[in-house]
Amino acid sequence: MATVVAFHAHPDDEVILTGGTLARAAARGHRVVVVTATDGRVHNGESDFRLGELRRSAGILGAHRVECLGYADSGYGPLFYPDPPGRVRFGRANVEEAAQQLAAILGEEHADLLLSYQPNGGYGHRDHVQVHHVGKRGAELAGTPRVLEATMPRELLVRVGHLARMLRLPAPYEPDVARSAYAPRASITHRIDVFGFARQKRDAFAAHRSQIGESSMGARMYAALLRLPPQAFGLLFPREWFVDPALPAGVSRRDIFD
């Protein structure tokens, strides 16, 4: 059996990008560790409720250990808040220092595989971009033999966004973001079938209730998705995707341990 460490920017990212993959790995007897860079708090004084949500989510996915590096959320958009008192926003973190923290966990776990992010951070979020840099350096320091970068096919995102706008529904990304987000389909090396783990992914996402909200159309749509039967949820989200930087484009694998 192997040990996989999934390194994410914020609580709830572990579900969106890798939830089904982690549940699948745990169900097959592999050790699963989830590490987030931030606790999800943008401002001091906010509750650390999101770490509790993270632990509940990770438990549903079958993770054996959950850690947080303790950085502050940098926020998304043009406004980059100053560091809160006593804490550093992850987007400004010293890469070497953060990587040493991650490397310590990788070393303790004798990790066989690190799940991280691509250089563009998926959609350009400064914390996600930083996950790439810290994850890459952390794996080097720990001697972790393999790194996979969680992604999505950008062609799919463009089509979904177009359909959402036609139906007057919230699109996941603005058109100019979607056109350069994540990875071209041809460059994706791992396509993981997670249909059989739809219940775990749906329930783990539901554990992050603070991120769903109640008032906006988008929040109501997410709430409706989480009420779907597992089979219907699985049909909507049947796969998760990764890029192995060490493999040539066009290679297609069906398991993260391939």
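Since the model is a prediction, treat every value here as computed from it, not as a measurement.

### Some remarks on the overall build of the protein chain
1) Next: Helix and strand content of the protein chain: ten helices and seven strands.
2) Next: On C-alpha atoms alone, the protein chain measures out to a radius of gyration of 17 Å, which is about the 18 Å that the 2.2 N^0.38 rule sets for 258 residues.
3) Next: Look at the contacts in the protein chain between residues 6 or more apart in sequence, and 80% of them connect residues 24 or more apart.
4) Next: Looking at the protein chain as shown, the accessible area adds up to about 11900 Å², and 56% of this sits on carbon and sulfur atoms.

### A short note on the domain arrangement of the protein chain
1) Next: Entries for the protein chain in the domain assignment read domain 1 (3-152 + 188-243) and domain 2 (154-185).
2) Next: Inter-centroid distance (C-alpha atoms) of domain 1 to domain 2 is 21 Å.
3) Next: Facing the 15 residues of domain 1 at the interface are 14 residues of domain 2.
4) Next: Summing both sides of the interface, domain 1 and domain 2 together bury roughly 1100 Å²; the carbon and sulfur share of this comes to 64%.
5) Next: Put simply, domain 1 and domain 2 have zero salt bridges between them.

### Details of the pattern of salt bridges
1) Next: Going through the model one piece at a time under the given rule, you end up with 14 salt bridges.
2) Next: The salt bridge involving Asp 12 is made with Arg 50; its shortest N-O contact spans 3.9 Å. Placement of the pair is Asp 12 in the loop between strand E1 (3-8) and helix H1 (13-27) and Arg 50 in helix H2 (residues 49-61), with a sequence separation of 38 residues. Neither Asp 12 nor Arg 50 differs from the other in exposure class; each is buried.
3) Next: Asp 255 serves as the salt-bridge partner of Arg 28, at 3.5 Å between the closest nitrogen and oxygen. Pair noted here: Arg 28 is in the loop between H1 and strand E2 (31-38) and Asp 255 is in the segment after strand E7 (239-243), with a separation of 227 residues, a long-range link.
4) Next: Owing to a relative accessible area of 46%, Arg 28 belongs among the partly exposed residues under this scheme.

### Description of the packing of H1 against helix H8 (residues 198-206)
1) Next: Where H1 meets H8, the closest approach of the two axes is 9 Å, and the angle between their N-to-C directions is 140°. On the basis of the axis angle, H1 is oblique to H8. Our pair here, H1 against H8, has a crossing hand that is right-handed. Contacts between H1 and H8 pair Val 15, Ile 16, Gly 20 and Ala 23 from the former with Gln 200, Lys 201, Ala 204 and Phe 205 from the latter.
2) Next: Considering only residue class, the contact of H1 with H8 consists of five nonpolar, two polar and one charged.

### Looking at the pairing of strand E4 (residues 113-117)
1) Next: Counting buried residues along E4, five of its five residues qualify, which places the element largely inside the surrounding structure.
2) Next: Sheet topology places E1 next to E4; three bridges connect them, and they run parallel. Residue Val 4 lies in a different strand from E4, and its bridge partner there is Leu 113.
3) Next: The pairing of E4 with strand E5 (residues 146-151) spans five bridges and is classified as parallel.

About the cut-offs
- Residues numbered from 1 in each chain as written.
- Predicted model: local features only at pLDDT ≥ 70, side-chain atom pairs only at ≥ 80, totals over all residues.
- Heavy atoms only, no water.
- Helix = DSSP H or I, 4+ residues; strand = E, 2+ residues; numbered from the N terminus.
- Rg over C-alpha atoms; globule rule 2.2 N^0.38 Å.
- Contact = heavy atoms within 4.5 Å.
- Areas by Shrake-Rupley, 256 points an atom, 1.4 Å probe, with all protein chains shown as cover.
- Domains from an automatic or database assignment.
- Buried area = accessible area lost by both parts, 1.4 Å probe.
- Salt bridge = Lys/Arg side-chain N within 4 Å of Asp/Glu carboxyl O.
- Buried < 20%, exposed > 50% of the residue type's maximum accessible area, 1.4 Å probe, protein only.
- Axes fitted to C-alpha atoms, helices over the stretch in contact; angles between N-to-C directions.
- Parallel < 35°, antiparallel > 145°, perpendicular 65-115°, else oblique.
- Left-handed = near helix turned anticlockwise from the far one by under 90°.
- Nonpolar A, V, L, I, M, F, W, Y, C, P; charged D, E, K, R; others polar.
- Pairing = 2+ DSSP bridges.

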